[in-house]
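Structural overview
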Amino acid sequence: MKRIPLRAILPVGLAIALIAGPLGAPATAQATVPITLTGASATSPSADVTIAGRAVTITAPGTYEISGTLNDGYLNVDTAASGAVELILNGATISNSSNAPLQVADADQVVITLAAGTTNRLSDATSYVYPDPNTDEPNAALFSKADLRITGTGALTVRGNAYDGITSKDGLVIESGTITVNAVDDGIRGKDFLDITGGNLDVTAGGDGIKSDDTEADRGRLAITNGTVRVNAGDDAIKGENTVAISGGAVTVTNSYEAIESRQVTISGGTVNVTARDDAINAVEEGYGDFDVAPNAFVRFTGGTTLVNSSIDGIDSNGSVTFAAGTVVVSGPSTGSPGEGAIDSNGPVHFNGGTMLGAGSTSMAVLSLPPTSGQGWVAPQLSSSQPAGTLLHLVSGGQVLASYRSPKNFREVVFSSNRIQHGQTYEVYLGGSLSGTTVGGMATSGGSIAGATRLMTVVAGQYRGGLVGWPPGGPGWPPPTTPPPTTPPPSPTTPPPNPTTPPPSAGGCTATYSVAGQWQGGFQGEVRVTAGSSAINGWRVSWTFANGQTISQAWNATISASGSAVTATNVSFNGSLGAGASATFGFLGSWNGSNSVPTLSCTAN
């Protein structure tokens, strides 16, 4: 069957007029066919509408106006003929206790028009009854196997009690209308693509909120160009298998696991305000590991205003992150490991334009630091975590360039704008006051350092954090968990709380354990292995944790654990040590309550 491109859909009467041409005889608009729902059945004067009890089937292209109520029944579009089917919902309510109330089994294109001033309702079964075990659809209250467009100025309320709310197995365009969806699983799904060009959408979903999930290269795209979109999702809120592009409108995610996820995410306009329990904006490419640089994955900001609130990474890309224009404010994780931050990127991070501020326990958990060409950026690392409500100012020559009042705890900040110049020194103040308009807690005017405390200075383009030197063990790894002091610390009067290093034994080895960094629930450990008075060809270190600590990740050693007992053996490149030479390995772990240092034993080959 020949398919008509979705963007070419026109109201049926208008399509006929255009076909006749401007010089032809006046076209007669096709009559609208009424379908009146009567509770237990329906009536219609058209032979193209088949009514069998509570089952109403449209069998030909045309325009159909549906009104009334149908209890425990369904309206089905099933036509093999070429041409569009337009369904005008004019105060229609349809419910079904065993299946989907509105189905499109076959059609070229279907347009659903929500009549002005009306509210229309669809509610499906809590458990579907299919004719055989191999059938698994319809699986949404509004289900279509054809391209689907929703338009009009009326309202549509959809309740998906078993699966999705609205699903098209082809493309789906939402053009206008007030649409409310509450679904057990996904809220709104257009398989090939989902384009939202207007309307007022409010989606609550136990699974994903709005999505396009076709994996083919030219499909799986989700675009928002206008309208108002609000999503509360149990899983991902806005998901495109290949692309998510937001160029206009107002997009709000009040709850999600990940707020926006795709291989490529571009925000070029509109207002985006998202909250996530995990990563808020995530670019991931299939086939690449957690620390691989995915060549086709990216997050790009080229306009608009984006506000991010995340419990883990604010912006996470397995590829690159680019800030080119617009305003981006990220409130990232308040606690966590050094691998979690306001920005987390395996590939390069580019500050090319716009205004960006990110705050969190780590500001940039990046494998390579941003370049010092392009727009300037500054990344102060405070000596301790600051509580929610703390007011921070970045100052140059007594002038406040930016102020930030954080909604939650933070320790590091990254800020980029055309007011920052690489290599210049900036001052950081805490306290003072802030007046005027803020965006996500940030203001570029109205800040005052009167009464504030000067905390530190920082040089633009310098940052001591990040996951520099990946793979683990390379220069700069592991990342420091506290900024180095500006002056040498005083000599300790008592030894640190680590085991005393025994003298190297002839032909053997010794090992010392230290906690390189510690945060709520997690820590970073380091072990140094030193050969005795003779060279060794391999080593093995063993210990037992006394407080139930566990290891989740390690580098420069092969670690095995059985309960609290841990054994670490050398890897290929650090087993052979000359007399008195040393090698180190490290790991990330978790702790709860206490994190005491264990006693180590070392044996050598």
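Residues numbered from 1 in each chain as written. Predicted model: local features only at pLDDT ≥ 70, side-chain atom pairs only at ≥ 80, totals over all residues. Heavy atoms only, no water.

Some remarks on the overall build of the protein
Of the regular secondary structure elements, the protein holds one helix and 54 strands. A buried classification covers 50% of the 605 residues belonging to the protein. Total accessible area computed for the protein in this model is approximately 24300 Å², and 50% of it derives from carbon and sulfur atoms. (Helix = DSSP H or I, 4+ residues; strand = E, 2+ residues; numbered from the N terminus. Buried < 20%, exposed > 50% of the residue type's maximum accessible area, 1.4 Å probe, protein only. Areas by Shrake-Rupley, 256 points an atom, 1.4 Å probe, with all protein chains shown as cover.)

Digging into the side chain of Gln264
Along the chain, the position of Gln264 falls in strand E27 (residues 264-267). Those residues within four positions of Gln264 in sequence are excluded, and the remaining contacts are Asn242, Thr243, Val244, Asn296 and Phe298. (Contact = heavy atoms within 4.5 Å.)

Brief notes about the sheet that holds strand E51 (residues 558-562)
Read from one edge to the other, the open sheet built from four strands follows the order E51-E52-E49-E54, with strand pairing classed as antiparallel. Here the strands that pair on one side only, and so sit at the sheet edges, are E51 and strand E54 (601-604). Across the sheet, the axes of successive neighbouring strands diverge by a mean angle of 15 degrees, strand direction being ignored. One ladder, built from five bridges, connects strand E49 (residues 539-544) with strand E52 (residues 565-569); its direction is antiparallel. Its bridge partner being in E52, Arg540 is matched across the sheet by Thr569. (Pairing = 2+ DSSP bridges. Axes fitted to C-alpha atoms, helices over the stretch in contact; angles between N-to-C directions.)

Observations concerning the pattern of salt bridges
The full count for this structure, using the stated rule, is 15 salt bridges. Of the charged contacts in the structure, one is a salt bridge between Asp192 and Arg219, with a shortest N-O distance of 3.6 Å. Note that Asp192 is positioned in the loop between strand E17 (188-190) and strand E18 (193-196) and Arg219 in the loop between strand E20 (210-212) and strand E21 (221-224), a separation of 27 residues in sequence. Given a relative accessible area of 10%, Asp192 falls into the buried group. On the basis of relative accessible area, Arg219 is assigned to the partly exposed category, the value being 31%. A salt bridge links Arg219 to Asp214; its shortest N-O distance comes to 3.8 Å. The exposure class of Asp214 is buried, given its relative accessible area of 6%. The structure contains a network of salt bridges with shared partners spanning Asp192, Asp214, Glu216 and Arg219. (Salt bridge = Lys/Arg side-chain N within 4 Å of Asp/Glu carboxyl O.)

Let's talk about the environment of Gly376
Along the polypeptide, Gly376 turns up in the loop between strand E36 (364-366) and strand E37 (377-378). Between the alpha carbons of Gly376 and His422 there is a distance of 5.1 Å; along the sequence they are 46 residues apart. Those residues in contact with Gly376 that sit more than four places away from it in its chain are Phe415, Ser416, Ser417, Ile420 and His422.

Details of the pairing of strand E16 (residues 178-183)
Only one face of E16 is covered, namely the face carrying Ile179, Val181 and Ala183; the face carrying Thr178, Thr180 and Asn182 is uncovered. Pairing of strand E13 (residues 155-160) with E16, which is carried by six bridges, proceeds in the parallel orientation. Its bridge partner being in E16, Gly160 is matched across the sheet by Ala183. Pairing of E16 with strand E19 (residues 200-205) involves six bridges; the strand directions are parallel.

Points about the state of the cysteines
Tallying each qualifying case throughout the model produces one disulfide. Linked covalently through their sulfurs, Cys509 and Cys602 form a disulfide whose S-S length is 2.0 Å. On the sign convention where negative is left-handed, the bridge of Cys509 and Cys602, at about -105 degrees about the S-S bond, is left-handed. Note that Cys509 is positioned in strand E47 (residues 509-519) and Cys602 in strand E54, a separation of 93 residues in sequence. (Disulfide = S-S within 2.5 Å.)

Considering the nonpolar core
Grouped together as the largest cluster of nonpolar side chains are 86 residues, with contacts concentrated most on Tyr64, Leu87, Ile112, Ile188, Ile210, Ile260 and Phe323. Of all the elements, strand E7 (residues 84-95) adds the most residues to this core, at five residues. When near neighbours in sequence (up to four residues on either side) are disregarded, Ile188 contacts Ile166, Leu172, Ile174, Val181, Leu194, Leu201, Val203, Gly209, Ile210 and Lys211. In this structure, Ala511, Phe523, Trp543 and Phe585 belong to the second largest nonpolar core, which totals 22 residues. (Core = buried A, V, L, I, M, F, W, Y, C linked by side-chain atoms within 4.5 Å.)

Focus on the confidence of the model for the protein
Model confidence for the protein is summarised by a mean pLDDT of 87, while 88% of its residues fall at 70 or above. For the stretch residues 1-28, pLDDT sits under 50, and the model shows 42 contacts to residues farther than four places along the chain or on other chains. The low-confidence segment residues 468-506, where pLDDT is below 50, has 58 contacts with residues more than four positions distant or belonging to other chains. (pLDDT = per-residue confidence, 0-100.)

Re the packing of aromatic side chains
All told, the structure shown has 12 aromatic pairs when counted by the stated rule. Taking 5.8 Å as the distance between ring centres and 55 degrees as the angle between the ring planes, the aromatic pair formed by Tyr128 and Tyr130 counts as tilted. Tyr130 shares its class with Tyr128; the two are buried. Ring centres 5.5 Å apart and planes at 10 degrees place the aromatic pair Trp539 and Phe585 in the stacked group. Of the two residues, Trp539 is situated in strand E49 and Phe585 in strand E53 (residues 582-590); the sequence distance between them amounts to 46 residues. Like Trp539, the residue Phe585 is buried in the burial classification. Among the aromatic side chains, those forming a connected cluster through ring pairs are Tyr513, Phe523, Trp543, Phe545 and Phe587. Over the ring of Phe193 we find Arg221; its NZ or CZ atom is 4.3 Å from the centre of that ring. (Phe/Tyr/Trp six-rings, centres within 6.5 Å; stacked < 30°, edge-to-face > 60°. Lys NZ or Arg CZ within 6 Å of the ring centre and 35° of its normal.)

Topic: the environment of Ala84
Here Ala84 shows up in strand E7. Residue classification places Ala84 among the buried residues on the basis of a relative accessible area of 18%. Note: C-alpha distance between Ala84 and Thr63 (21 residues apart in sequence) is 8.4 Å.

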